[in-house]
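Each chain, letter by letter, is given below.
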Amino acid sequence: MTDVMTVATRPASDAPAPADAPPLLRVRDLRTWFPIRRGLLQRAAGFTKAVDGVSFDLHEGETLGLVGESGCGKTTVGRTILRLIPATGGTVSFAGRSLLDLDARSMRAVRREMQIIFQDPAGSMNPRMRVGQIVGEPLVVHGLARGAALKREVADLLERCGMWAQAADRYPHEFSGGQRQRICIARALALKPRLIICDEPTSALDVSIQSQILNLLKDLQDEHRLAYLFISHDMAVVHHLCARIAVMYGGKIVEIGSREEIIDRPTHEYTRTLLAAVPEPVP
């Protein structure tokens, strides 16, 4: 299976991470279980093991694709890393710091270096806020900019993401899906993070807009040495954006390796099923 491309994007960089460089993000035996409550007292009768023993490393400037079908736990992995969902067990280390042991105040400081781009751009923005307020909110919350400096920073972020500065005065509903996602990317970049978790950022967009967003992400990575955990169910997109790929099934990573290993020489039956489901263009 070699030709799985369905959108015109620039390929991911194949430059390996330095052998002696410690990973920016280290996840070991991560577990996120949700209790199944029954009876009048709503006691836990069992657990849904959304994430059950996931381990991987992610280096600075690298893109790791996390792929699998809907419900396999890949989104839960991303949100648990950011502690948007509490972990049941395991360890998550970011730049040498154990995230699961941090208190709320310490975690807030770390969040400046870790951001997320959600799948639904419209649902992740407050419809009553103007775009300038949405993009500038992280800067205000962390006390990094106000007044004229905030407006200049917001305008720069929007222009860097392919929007125009005047968009700051408009509301989210006035933009297309691709433009909304660019706004969300600008918001994610506001704090100059080192890691961005991309939770299916192109799945709600048409193919031509997908390629624009993917190329934008790649350009921003080259410019800022960003690390991406790219969550997706689309093997075609992951193939052209990610140097390494991890395949999830039933809350576990069943296969992980370089792009060539996973695409050209898959060893797990589920990986072969995902690849077989990718539509091939017919001339």
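## Remarks on the sheet that holds strand 5 (residues 97-98)
The strand order across the open sheet formed by four strands is 2-1-4-5, and the pairing between neighbours is antiparallel. Unpaired on one side and paired on the other, strand 2 (43-58) and strand 5 mark the two borders of the sheet. Pairing geometry for strand 4 (residues 89-94) and strand 5, over two bridges, is antiparallel. Bridging across to strand 5, Ser-93 finds its partner in Ser-98.

## Here we look at the side chain of Arg-182
Within the fold, Arg-182 resides in helix 5 (residues 177-189). One polar contact links Arg-182 to Gln-212, side chain to side chain, over a distance of 3.3 Å.

## Looking at the pattern of salt bridges
Between side chains of opposite charge, a pair can form as their charged atoms come close. Here the structure, examined in full by the defined rule, presents 14 salt bridges. Taking the shortest distance from any N to any O, the salt bridge between Arg-160 and Asp-156 comes out at 2.6 Å. Separated by four residues within a single helix, Arg-160 and Asp-156 lie in helix 4 (residues 147-160), roughly one turn from each other. In this structure, the salt-bridge partner of Arg-170 is Glu-174, at a minimum N-O distance of 3.4 Å. Shared partners join several salt bridges into a network, and the residues in it are Arg-26, Arg-28 and Asp-57.

## A look at helix 4
Between its first and last C-alpha atoms helix 4 spans 20 Å; for 14 residues at 1.5 Å apiece the expected length is 20 Å, and the two agree. The complete set of buried residues in helix 4 reads Leu-150, Val-154, Ala-155, Leu-157 and Leu-158. What you see down the axis of helix 4 is that its buried residues fit within an arc of 165°, all on one side. Looking at the packing, one finds that the buried side of helix 4 touches helix 3 (131-141) and helix 5. Positive phi appears at Gly-162, one or two residues downstream of helix 4, with a value of about 85°.

About the cut-offs
Residues numbered from 1 in each chain as written. Predicted model: local features only at pLDDT ≥ 70, side-chain atom pairs only at ≥ 80, totals over all residues. Heavy atoms only, no water. Pairing = 2+ DSSP bridges. Helix = DSSP H or I, 4+ residues; strand = E, 2+ residues; numbered from the N terminus. Polar contact = N/O pair within 3.5 Å; in protein donor to acceptor, adjacent residues only side chain to side chain. Salt bridge = Lys/Arg side-chain N within 4 Å of Asp/Glu carboxyl O. Expected span 1.5 Å × (residues − 1). Buried < 20%, exposed > 50% of the residue type's maximum accessible area, 1.4 Å probe, protein only. Arc of directions from axis to C-beta. Contact = heavy atoms within 4.5 Å.

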